[in-house]
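Structural overview
This is what each chain is made of:
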Amino acid sequence: MFQKILIANRGEIAVRIIRACREMGIKTVAVYSEADSEALHTLLADEAVCIGPAKSKDSYLNMERILSAAVAMGADAIHPGFGFLSENARFAELCALCRIKFIGPESGVIAKLGNKSEARNTMEAAGVPVVPGGHEPVRDVDEGRVLAEKIGYPVMIKAALGGGGKGMRIVRSGEEFEAGFLNARREAEKAFSDGTMYIEKYIENPRHIEFQILADEHGNAVHLGERDCSVQRHHQKLIEEAPSAALSEKQRERMGETAVRAAKAAGYTNAGTVEFLLDKSGNFYFIEMNTRIQVEHPVTEMITGLDLVKEQIRIAWGEPLRFSQKDIRFSGHAIECRINARMAGTVTGLMLPGGCGVRVDTAMYAGSRIPPDYDAMIIKLIVRGGDRAEAVKKMQCALGELGIEGVETNLEEQYAVFTHPVFEAGPVDTGFMERCFK
Ligand code: MV4
């Protein structure tokens, strides 16, 4: 097994990875920025290396500094977590060149799936349903308009290197097309230094359902069921749950098989997520595949009893999966709630909830500083109940116990969502937040 893993991340996911390594008897190296010298990941790891100033570009996104730290400390693998360099094909390639195992899929697979237009074609060729749309990126406004007419309005214009809502526009008529296309492309060029755009039919208020998959380096792949991530705002997920209350057992089986087919078609290894849109009639369509461990992975852990980070490490070491699809059992209902800071500052006081089936993933402690330079998510509350109603009740109680002093957060809004009759009744679609929380 690996002797020492460097964690190229910060915050709760870095802490989550350090814990998995420690349980497996693997030494850990944290990297940290000047703003994170007293962050929990810096304090908890066996060793820690300062890699630069607070700005992500100078620290957590600086490939040379991170690789230098890994070589200097004698790490034999790097876990990238999520965000930062986790889906950077060049970084995975550089790790390989330095003979350090990147805990994730191969560089070429990251690059192929990172291009959403190319991924669409790969999946369609493998018999995975995709949203009706074009097979090639569109070169200009006129070509785009012709394709949009053929698909039929409304359409969605997307950046090939996009995801997460950037460089994306809904266009509802021919008159709107030119402005929509040019604005989306300008945004894409700014965000990704690439203006490659493709067009799909727009699916109105879909449910956002993603399947967790695990694939080893020996050709075996399984899925660990789905997560329903429909509660979002401004393309930020707020709540995730498993299983989805919107799926029948039959649909779950078909989508799960499809997700495994998608992973195999991509030559995928390690943990990954296949994202689908589910429309009003129950049709599902592949939209993209995420090549990292995700923020919401704990809900899958809570209903399968598996530790996904440990599985990632075992797969990266070259072990075959320890289970086949029929060995995977699902039990109960799990929900995750993201608590975001609405400002930088110091958490002067912290009261955390607990109890049966309550899990808190955070790097916060009383006295923690929240620098202005990074993601606002500070705590993930995860609960598991026997069924959805019990899980919702547990989350209401856990949110009621949670106390955060010193910084403003979205805690009260989350409490309002969990006690909203429409959410309690469930399931909701991606239009829920806009309809019910203006
Ligand atoms: C879509 C879509 C509808 N039709 N594509 C959002 C982020 C990125 N991963 C893909 N996303 C979507 N792609 C087609 N063809 C709806 C979404 C979408 C969404 C869109 C607007 C507002 C909220 C949303 C939440 C989830 C998904």
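Before reading on, note that the structure itself is shown above.
Residues numbered from 1 in each chain as written. Predicted model: local features only at pLDDT ≥ 70, side-chain atom pairs only at ≥ 80, totals over all residues. Heavy atoms only, no water.

Okay, the pattern of salt bridges next. As enumerated under the stated definition, the model contains 37 salt bridges in all. Salt-bridge contacts for E413 lead to R233; the nearest nitrogen and oxygen are separated by 2.5 Å. Residue E413 is found in helix α13 (residues 411–418), and its partner R233 is found in strand β10 (residues 221–233); the two are separated by 180 residues along the sequence. You can call R233 partly exposed: its relative accessible area is 22%. One connected set of salt bridges, linked through shared partners, spans E210, R227, K237, E240, E296 and R338. (Salt bridge = Lys/Arg side-chain N within 4 Å of Asp/Glu carboxyl O. Helix = DSSP H or I, 4+ residues; strand = E, 2+ residues; numbered from the N terminus. Buried < 20%, exposed > 50% of the residue type's maximum accessible area, 1.4 Å probe, protein only.)

With that settled, the discussion passes to the site of the ligand. Around the ligand, the structure places 16 residues, and the nearest of them are K158, E200, K201, I203 and E288. Contact between the ligand and E200: a nitrogen atom at 2.9 Å from a side-chain N or O atom of the residue. Contact with the protein chains covers 90% of the free accessible surface of the ligand, which is 530 Å². Only β6 (155–159), β8 (197–201), β12 (270–278) and β13 (284–290) provide two or more residues apiece to the shell around the ligand. A breakdown of the residues in the shell around the ligand according to their chemical character gives seven nonpolar, four polar and five charged. Residues lining the shell around the ligand come from more than one domain, with at least three contributed by each of domain 2 (132–201) and domain 3 (207–436). (Near = heavy atom within 4 Å. Polar contact = N/O pair within 3.5 Å; in protein donor to acceptor, adjacent residues only side chain to side chain. Areas by Shrake-Rupley, 256 points an atom, 1.4 Å probe, with all protein chains shown as cover. Nonpolar A, V, L, I, M, F, W, Y, C, P; charged D, E, K, R; others polar. Domains from an automatic or database assignment.)

With that out of the way, let us pick up the packing of helix α1 (residues 11–23) against helix α11 (residues 308–317). Two elements in contact, α1 and α11, have axes whose closest approach is 9 Å; the angle formed by their N-to-C orientations is 65°. Read as a crossing pair, α1 and α11 show a hand that is right-handed. Packed against α1, whose contacting residues are R16, I17, A20, C21 and E23, the element α11 presents L308, V309, K310 and I313 at the interface. Here the contact of α1 with α11 is composed, by residue class, of six nonpolar, no polar and three charged. (Axes fitted to C-alpha atoms, helices over the stretch in contact; angles between N-to-C directions. Left-handed = near helix turned anticlockwise from the far one by under 90°. Contact = heavy atoms within 4.5 Å.)

On to helix α3 (residues 63–73). For α3, the complete set of buried residues consists of M63, I66, L67, A69 and A70. Buried residues of α3, viewed axially, fall in a sector of 155°; they line one side. Turned more than 90 degrees away from the buried face of α3, the exposed residues are E64, V71 and A72. (Arc of directions from axis to C-beta.)

Moving on: helix α5 (residues 107–114). For α5, every residue scored as buried is listed here: S107, V109, I110 and L113. Considered in projection along α5, the buried side chains sweep an arc of 165° and stay on one side of the axis. Elements in contact with the buried residues of α5: α4 (89–97), β5 (101–102), α6 (116–125) and β13.

Another aspect to go through is the packing of aromatic side chains. What the rule picks out here adds up to eleven aromatic pairs. Where Y60 meets Y374, the ring centres are 5.5 Å apart and the plane angle is 80°; that geometry is what we call edge-to-face. Here Y60 is found in the loop between β3 (47–52) and α3, whereas its partner Y374 is found in the loop between β18 (369–370) and β19 (377–385), with 314 residues between them in sequence. Under the relative-accessibility criterion, Y60 is labelled buried at 0%. Classification of Y374 as buried rests on a relative accessible area of 11%. Centre to centre, the rings of F423 and F432 are 6.4 Å apart; their planes meet at 40°, and the pair counts as tilted. An identical accessibility class is assigned to F423 and F432; each is buried. (Phe/Tyr/Trp six-rings, centres within 6.5 Å; stacked < 30°, edge-to-face > 60°.)

A complete count under the given rule lists zero disulfides for this structure. In this structure C95 is not part of a disulfide, and its nearest cysteine sulfur, from C98, lies 6.9 Å away. Looking at C356, it has no disulfide partner, and the nearest cysteine sulfur is the one in C397, 12 Å off. On the basis of relative accessibility, which here comes to 67%, the residue C356 falls in the exposed class. (Disulfide = S-S within 2.5 Å.)

By themselves, these observations are geometric and do not establish any function.
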